[in-house]
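# Commentary on secondary and tertiary structure
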Amino acid sequence: MQNDTSLNIQAVAQEIAELTDTLNGHNYRYYVDDAPSIPDAEYDRLLKQLTVLETEHPEYCFPDSPTQRVGGVPLAKFEQIAHLKPMLSLDNVFSDEEFEAFYNRINDKTATAPTFCCEPKLDGLAVSILYRDGVYERAATRGDGKTGEDITENVRTIRSIPMKLRGDDFPPLLEVRGEVIMPKQAFDSLNERARAKGDKEFVNPRNAAAGSLRQLDSKITASRSLGFYAYALGVVEPETWGLADHHYGQLLQLKSWGFPVSAEVKQCDSVSEVIAYYTDIMTRRSALAYEIDGVVIKVDNIAQQLKLGFVAKAPRWATAFKFPAQEEMTLLEGVDFQVGRTGAVTPVARLKPIFVGGVTVSNATLHNADEMKRLELMEGDTVIVRRAGDVIPQIVSVVKQFRKDNAKPIEFPSKCPVCKSLIEKVIKQKKLKTKSHTIEQATHKCTGGLSCKAQLKESISYFVSKKCFDIDGVGEKIVEQLIKRSLVNTPADLFQLTTDDVIDLDGFGELSARNLYDSIQAKLVVSLERFILSLGISEVGDATAKSLSKHLGSFENIKKCPREALVLIPDIGQEVADEIVSYFSNSNSLNFVNKLYDTVEISPKEKGLSSAIVKKSQMAHYIVKLEVLGISKVTALPIAERFGLFSSLLDAEFSDFLSIKGLTEKRRSALIEFISKENNREYIIELEKSLFDIGLHWTQEQVVEEDYSPVTYFTGKTVVLTGSFSTMKRNEAKGILEDKGAKVSSSISKNTDLLVAGEKAGSKLTKAQELGVLVWSEEQLIEALNE
Ligand code: 5U1
């Protein structure tokens, strides 16, 4: 008879087995079906549950458990593994004609016309993975095709590779071949993080995948988001196993056993179908989640494959139909500095024309001074140019060994190449795509404004464009002539042009002059939104122009709105607000906009402020923005109630500050000290005046409508609790934190602000450490709550 303990242990073993199955099922739906059925947080919760059980019962923790994907002890070196069956390579074709020649060669050798299975050619690292009785055993790189490196521990960390095969119809010995890749998005994030830390970036996703997989420390591999797609079988034992008789069918079998297979695989029956497949994939290449460099065409029928056999290391029955090279080498003939509409100066490389990515390229953007610095460009350099899809050509790197000894560095100019005005350096904080870091980005701007002919030309072209004034017939050549003849000095001057002014332009006659005049005059009526957009204020695009018009309601309001109120408008942050204020405080832009406003008619008629902005623009809000020590929204509200106006606050006596709710002695002193400083007083008076000027008066009723919950250290922060707590229940801690304004979440992500780890914290703690999330102990939490 079994005793209680052994019964318990059996139950644990069963729970571990069930959880493992459930997690493997979710993994399959996520990676193979591309259709996850539970949120990530729920997956993490189940994984945590399994981790806890396995920690308590290590005898039931097996290497193929979903918890064992985090990497292990670093290796001293990679061992060599002899492949059970050689890993082949592929011959290439580069054109329709070459593919037809391939087809004719094999068609001559097969009794019936071959049909094909076509797949994208992934740009990653080929690997071979061995399963025995459905359990992951080992993995190796291709190496020389006969022997590769043992990367078993690294491949174990790739979550899309099954540790246990699904179903019950897989062969007892199975070797699977496929490509480990790094998705483009993961590659971008990895490089963004490297850039933020000042580390070296990877050149492309293939190098990043290879670099991540060939790590002696598999924990590093685990921290990189690698993917895998299976594309062929290696050894299968017994040989008589019921495999499909077509390659496409075998891919479906691989999929049913748990391997991701590219969703782009397609059977094609003829040369023209293959060429159409190639063209289709090439046009969609940039939208795919991973890099590819061509398509692989395989004879679908396995019997035909066997008949065709091999030449050297490549099969006769398959070929890679490669896309035109995306990277080529050429000579840098010089660097031009182009001045854009807002004055931004962009360096552009002039190149010896080169055929790359299917077109001839003679220019490549260098983006900004930082990029020039990164490339360390010198005159006469030999450079690698990349043109991927429709993306503008880029310089990837300089081939330094071809550089001449006396080569001179290329400097960023200090004066505008067009108008000779000074170029100023503007430093901006740029949020990275991953949002976990910000970096400083320097742009260089010509200070000439509309007096710079380059800026003027771009501004006029933008002004007449569809989304702005939508004026027909004012093409680039006409703009150039109008500027050259000093007929327009700002876009507003377009409306002053007469037929006599334009009749002498190249190619113009009486009729065309009349047509141009009419098409300009037809656009004298414009909406406020388009009017604002047409000014070409930096950072003010369609959405911002719309929001400004909706909430401020009139041109005068937009022109005079202080930055403190601009940031209350949806879609407008500090940076955009600064651009708007700086635009309307520049006398040159003011001349232009005032003239334009006097010339055109705004329709529909301008309105006033939106109620949303009036509600938000309250005295208490601006008191908080003064950033006086200890004065948050809770204290700001009674201060606003007591004084009603900033002018009254500034004139107040000491006794007026007594008995204001929440205004402790310390806060009172800080406030009195703040308002006694002359520059602060001037700022406050000016702010109140400019707000009142545009109609933003505050009233008590509106103040009351605001939700002033107390601001604490936790306000707006996302907190995760893990492990067991000794002084309170986790749920109690959750309630207290929520009262203090925190959002308590159950899963860790890069958006988590804080993880509080109690006793026996598991995978969430590891994940938080990997993501660099702040981690506190229970004691630290209690201390902060008591503060
Ligand atoms: N998609 C795909 N890539 N690829 C690479 N299929 C494929 N097949 C290969 C290689 C080297 O070799 C087969 C001939 C097994």
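Residues numbered from 1 in each chain as written. Predicted model: local features only at pLDDT ≥ 70, side-chain atom pairs only at ≥ 80, totals over all residues. Heavy atoms only, no water.

## A look at the overall build of the protein chain
On a plain count of helices and strands, the protein chain comes out with 31 helices and 26 strands. C-alpha atoms of the protein chain, sized along the principal axes, occupy 90 × 85 × 55 Å. Burial statistics for the protein chain: of 787 residues in total, 47% are counted as buried. In the form shown here, the protein chain has an accessible surface area of approximately 39,700 Å², with 51% of it arising from carbon and sulfur atoms. Mean positive and mean negative side-chain charge positions of the protein chain (96 and 111 charges, respectively) differ by 2 Å. (Helix = DSSP H or I, 4+ residues; strand = E, 2+ residues; numbered from the N terminus. Buried < 20%, exposed > 50% of the residue type's maximum accessible area, 1.4 Å probe, protein only. Areas by Shrake-Rupley, 256 points an atom, 1.4 Å probe, with all protein chains shown as cover. Lys, Arg positive; Asp, Glu negative; His and termini not counted. Charge placed at Lys NZ, Arg CZ, Asp CG, Glu CD.)

## A short note on the UniProt feature "binding site: NAD(+)" (unreviewed entry) in the protein chain
Within the UniProt annotation, "binding site: NAD(+)" (unreviewed entry) is assigned to Asp40, Ala41, Glu42, Tyr43, Asp44, Ser89, Leu90, Glu119, Arg142, Glu179, Lys298 and Lys322. Maximum C-alpha separation among the annotated residues is 42.6 Å over a sequence range of 283 residues, too wide for a single clustered spot. Along the chain, Arg142 turns up in the loop between strand S5 (135-141) and strand S6 (147-149). Among all residues touching Arg142, those that are not within four sequence positions of it are His83, Met87, Leu88, Ser89, Ala126, Thr147 and Gly148. A polar contact is formed between the side chain of Arg142 and the backbone oxygen of Met87, at a distance of 3.4 Å. In this fold, Glu179 is placed in strand S7 (residues 173-181). We classify Glu179 as buried; its relative accessible area is 10%. Beyond its immediate chain neighbours, meaning those up to four positions away, Glu179 contacts Leu122, Asp123, Gly124, Leu125, Ala126, Gly227, Phe228, Tyr229 and Tyr231. (UniProt positions renumbered as here; feature names shortened; annotations may be inferred. Contact = heavy atoms within 4.5 Å. Polar contact = N/O pair within 3.5 Å; in protein donor to acceptor, adjacent residues only side chain to side chain.)

## Topic: the site of the ligand
Around the ligand lies a shell formed by Leu88, Leu90, Glu119, Pro120, Tyr231, Ala232, Val296, Lys298, Pro315 and Trp317. Those elements giving two or more residues to the shell around the ligand turn out to be strand S3 (116-122), strand S8 (227-237) and strand S10 (292-299). Looking at the shell around the ligand residue by residue, the classes come out as 8 nonpolar, no polar and 2 charged. (Near = heavy atom within 4 Å. Nonpolar A, V, L, I, M, F, W, Y, C, P; charged D, E, K, R; others polar.)

## Re the side chain of Thr544
Relative to the assigned elements, Thr544 resides in helix H17 (residues 542-552). Once you skip the residues sitting within four places of it in the chain, Thr544 turns out to touch Glu539, Asp571, Ile572 and Val576.

## Focus: helix H31 (residues 778-786)
Within the sequence span of H31, burial applies to Glu778, Leu781, Ala784 and Leu785. End-on view of H31: buried residues confined to an arc of 125°, all on one side of the axis. Seen from the open side of H31, the exposed residues pointing more than 90 degrees away from its buried face are Glu779, Glu783 and Asn786. (Arc of directions from axis to C-beta.)

## Points about the domain arrangement of the protein chain
For the protein chain, the domain assignment lists domain 1 (4-69), domain 2 (88-322), domain 3 (449-523), domain 4 (529-705) and domain 5 (718-786). A C-alpha centroid distance of 42 Å is found between domain 2 and domain 5. (Domains from an automatic or database assignment.)

## Quick word on the sheet that holds strand S13 (residues 318-322)
An order of S2-S13-S10-S3-S9 is seen for the 5 strands of this open sheet, with the pairing classed as mixed. Each having just a single partner strand, strand S2 (91-93) and strand S9 (266-268) make up the two edges of the open sheet. Taking each pair of neighbouring strands and ignoring which way they run, the sheet shows an average axis angle of 35°. Of the pairings in the sheet, the one linking S3 to S9 comprises 3 bridges and is antiparallel in character. What sits directly across from Cys117, in S9, is Gln267. Packing against the sheet, helix H3 (residues 96-109) makes contact with S2, S3, S10 and S13, and its axis sits at approximately 175° to S13. (Pairing = 2+ DSSP bridges. Axes fitted to C-alpha atoms, helices over the stretch in contact; angles between N-to-C directions.)

## Re the nonpolar core
The nonpolar side chains of a soluble globular protein tend to be buried with one another. Counting residues in each nonpolar core, the largest one holds 83 residues, and the members touching the most others are Phe531, Ile532, Leu535, Leu548 and Leu596. At 5 residues, helix H20 (residues 574-584) tops the list of elements feeding residues into this core. Contact partners of Phe531, with chain neighbours within four places excluded, come to Phe469, Val526, Phe555, Val593, Leu596, Tyr597, Val600 and Ile602. (Core = buried A, V, L, I, M, F, W, Y, C linked by side-chain atoms within 4.5 Å.)

## Considerations on the packing of aromatic side chains
One pass over the full model with this rule turns up 23 aromatic pairs. Both rings, one in Tyr583 and one in Phe584, keep their centres 5.2 Å apart while their planes meet at 85°; by these two values the pair is edge-to-face. For the pair shown, Tyr583 and Phe584 are each scored as buried. Members of the aromatic cluster, connected to one another through ring pairs, are Phe99, Phe102, Tyr103, Phe116, Tyr278, Phe321 and Phe323. The side chain of Arg166 reaches across the aromatic face of Tyr28, ending 3.7 Å from its centre. Over the ring of Tyr713 we find Lys717, and its NZ or CZ is 4.0 Å from the ring centre. (Phe/Tyr/Trp six-rings, centres within 6.5 Å; stacked < 30°, edge-to-face > 60°. Lys NZ or Arg CZ within 6 Å of the ring centre and 35° of its normal.)

## Overview of the pattern of salt bridges
As enumerated under the stated definition, the model contains 32 salt bridges in all. A salt bridge links Asp123 to Arg206, with the nearest nitrogen and oxygen atoms 2.9 Å apart. With Asp123 in the loop between S3 and strand S4 (125-132) and Arg206 in helix H6 (residues 205-213), this residue pair connects regions lying 83 residues apart in the sequence. Asp123 sits in the buried class, given a relative accessible area of 19%. Under the relative-accessibility criterion, Arg206 is labelled partly exposed at 33%. A salt bridge links Arg177 to Glu175, with the nearest nitrogen and oxygen atoms 3.4 Å apart. Accessibility classification places Arg177 together with Glu175 in one group, the buried group. Connected via shared salt-bridge partners are Glu264, Asp280 and Arg284. (Salt bridge = Lys/Arg side-chain N within 4 Å of Asp/Glu carboxyl O.)

## Examining the pairing of strand S26 (residues 774-777)
Looking at chain direction, strand S25 (residues 754-757) and S26 are connected through 4 bridges and run parallel. Pairing of Ala757 across the sheet is with Ser777, part of S26. Viewed along the sheet, the connection from S25 through helix H30 (residues 763-771) into S26 turns out right-handed. (Right-handed = clockwise from strand over helix to strand, strands pointing away.)

## Quick look at the sheet that holds S5
Spatially, the 4 strands line up as an open sheet ordered S5-S4-S7-S8, and their pairing is antiparallel. Looking at strand neighbours, the two that pair on one side only are S5 and S8, the edges of this open sheet. Within this sheet the neighbouring strands show an average axis-to-axis angle of 25°, counted without direction. One ladder, built from 8 bridges, connects S7 with S8; its direction is antiparallel. Within S8, the position partnered with Val180 by the bridge is Phe228.

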